[in-house]
Amino acid sequence: MVLWIREFSFSSFILFIILAIILWGHRQRESARQKAERFRGEVRIEGNELVFPRRMRLVKGRLPLRGYWSSSGRSRHYHIDRKFTQSEELETDRIELKPEMFSLIMNKSEETLIEVPAYLPMEPELENILLIPIIPSYRFEIDKQSLEALKGTEFAHARID
């Protein structure tokens, strides 16, 4: 009887630790989302600039992302590999919004490759927030002879000769 109580207490303790870790992770994610929402409310666009509420330290770089499916047995999971690469550090209260090269490639199996310009704020209250200002230049590269777009009853077709 005493051994069963010890085993029950130990397994209850382990279960409590696992639940605490899950709840802590959820709270961290919610906290990051709340920080990002609050920061988004403080940032404004003036002309072709993104204006911050105050001067801050930023690291500019590029963010390549790779998304892909993997399966093990009956379950399927989508994974995202990412790595921010730094190009320069700056201290400013604004970022000029201008078209910069970015790419998005997706194949039939939903494997996705994205590379975008990004800014990483170095302020403690903005930890884990990444700014990705994408201003499209509207240049398309197509490896087929035609391009089609459909939405509901709307249809567009372009042929390249």
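Not measured: the values here are computed from a predicted model.

Engineer: How do you make sense of the side chain of Lys 35 when you look at a structure like this?
Structural biologist: One can find Lys 35 in helix α1 (residues 2-42). Of the buried charged residues, Lys 35 lacks a salt bridge, with Glu 127 as the closest side chain of opposite charge at 4.9 Å. If near-sequence neighbours (up to four positions away) are discounted, Lys 35 is found in contact with Glu 125, Glu 127 and Ile 129.

Engineer: Just to check I follow, could you spell out a nonpolar patch on the surface for this structure?
Structural biologist: A contiguous nonpolar patch, built from Phe 102, Leu 130, Ile 132 and Ile 134 and spanning about 290 Å² of accessible area, is present on the exposed surface. Assignment of secondary structure puts Leu 130 in the loop between β6 (112-121) and β7 (146-151).

Engineer: Even after reading the chapter, I still don't get the packing of aromatic side chains, so can you show me in this structure?
Structural biologist: Between two aromatic rings, the relevant description is the distance of the centres plus the angle of the planes. This structure, assessed with the given rule, holds two aromatic pairs. Here Phe 39 and Phe 52 contribute two aromatic rings whose centre-to-centre distance is 5.9 Å and whose plane-to-plane angle is 25°, an arrangement assigned as stacked. Pair noted here: Phe 39 is in helix α1 and Phe 52 is in strand β2 (residues 49-72), with a separation of 13 residues, a long-range link. The interplanar angle of 70° and the centroid separation of 5.0 Å between the aromatic rings of Trp 69 and Tyr 78 together place this pair among those described as edge-to-face. We note Arg 66 situated over the ring of Tyr 68; from NZ or CZ to the ring centre the distance is 4.2 Å.

Each value, and the rule that gives it
- Residues numbered from 1 in each chain as written.
- Predicted model: local features only at pLDDT ≥ 70, side-chain atom pairs only at ≥ 80, totals over all residues.
- Heavy atoms only, no water.
- Helix = DSSP H or I, 4+ residues; strand = E, 2+ residues; numbered from the N terminus.
- Buried < 20%, exposed > 50% of the residue type's maximum accessible area, 1.4 Å probe, protein only.
- Lys, Arg positive; Asp, Glu negative; His and termini not counted.
- Salt bridge = Lys/Arg side-chain N within 4 Å of Asp/Glu carboxyl O.
- Contact = heavy atoms within 4.5 Å.
- Patch = residues over 30% accessible without salt bridge, like charges linked within 9 Å, V, L, I, M, F, W, Y side chains within 5 Å.
- Areas by Shrake-Rupley, 256 points an atom, 1.4 Å probe, with all protein chains shown as cover.
- Phe/Tyr/Trp six-rings, centres within 6.5 Å; stacked < 30°, edge-to-face > 60°.
- Lys NZ or Arg CZ within 6 Å of the ring centre and 35° of its normal.

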